[in-house]
Amino acid sequence: KKNIVQLISLCLIFVLSSSQSCEDKNGCHSFKAEISYDGIEQLTVQLTNGTAPFAYSWDQGLGSGSIAIVSGKGTYAVTVTDFNQCKAIARFTIQ
């Protein structure tokens, strides 16, 4: 079992559990997203693998780009979908 803390990589469907399995038809297991914070107001998504073009969907109405401007403390999440419909979800908490 793996603990899901900050980064969840998925294939086609969104599954939250303490253990995950996913058929890797499109190479989805290697597609990952991470969020970095500039310490002021900007969150930026960095991707590992995946196939362009990428679609970004931030929670809390933060937009659909690879960069989000935030107004303060909280937990922020982004879902990134690649050309093959693989999904990577990343979360970042500002305290």
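Note that the structure is a prediction, hence the values are computed from the model and not measured.

Remarks on the overall build of the protein chain
- Secondary structure summary: the protein chain contains zero helices and seven strands in total.
- The order of helices and strands in the protein chain, counted from the N terminus, is β-β-β-β-β-β-β.
- Relative to its 95 residues, the protein chain shows a buried fraction of 28%.
- Taking the contacts inside the protein chain whose residues are at least 6 apart along the sequence as the reference set, 42% of them involve residues at least 24 apart.

As for the confidence of the model for the protein chain
- Considering every residue of the protein chain, the mean pLDDT works out to 79; 72% of them sit at 70 or more.
- Confidence drops under a pLDDT of 50 for residues 1-23, and excluding neighbours within four residues, the segment shows 45 contacts in the predicted structure.

Remarks on the nonpolar core
- Of all hydrophobic cores here, the largest spans 18 residues; its most connected members are Ile35, Leu43, Val45, Trp58, Val78 and Val80.
- Among the elements of the structure, β2 (32-37), β3 (42-48), β4 (55-58), β6 (74-81) and β7 (86-94) are those that each provide at least two residues to this core.
- Top element by residues in this core is β7. It accounts for five residues.

Structural notes on the state of the cysteines
- One pass over the full model with this rule turns up one disulfide.
- Paired by a disulfide, Cys28 and Cys86 hold their sulfur atoms 2.1 Å apart. Residues Cys28 and Cys86 are joined by a disulfide whose S-S torsion is about -70 degrees; by sign, that bridge is left-handed. Of this pair, Cys28 sits in the loop between β1 (7-11) and β2 while Cys86 sits in strand β7, placing them 58 residues apart in sequence.
- On the accessibility criterion, Cys86 (1% relative accessible area) is buried.

Some details on the environment of Thr79
- Tracing the backbone through its elements, the reader meets Thr79 in strand β6.
- Since its relative accessible area comes to 26%, Thr79 is described here as partly exposed.
- Along the primary structure Thr79 and Val45 are separated by 34 residues, whereas in three dimensions their C-alpha atoms are 9.9 Å apart.
- In contact with Thr79, not counting residues within four places along its chain, are Ala55, Tyr56, Ser57, Lys87, Ala88 and Ile89.

What counts as what
Residues numbered from 1 in each chain as written. Predicted model: local features only at pLDDT ≥ 70, side-chain atom pairs only at ≥ 80, totals over all residues. Heavy atoms only, no water. Helix = DSSP H or I, 4+ residues; strand = E, 2+ residues; numbered from the N terminus. Buried < 20%, exposed > 50% of the residue type's maximum accessible area, 1.4 Å probe, protein only. Contact = heavy atoms within 4.5 Å. pLDDT = per-residue confidence, 0-100. Core = buried A, V, L, I, M, F, W, Y, C linked by side-chain atoms within 4.5 Å. Disulfide = S-S within 2.5 Å.

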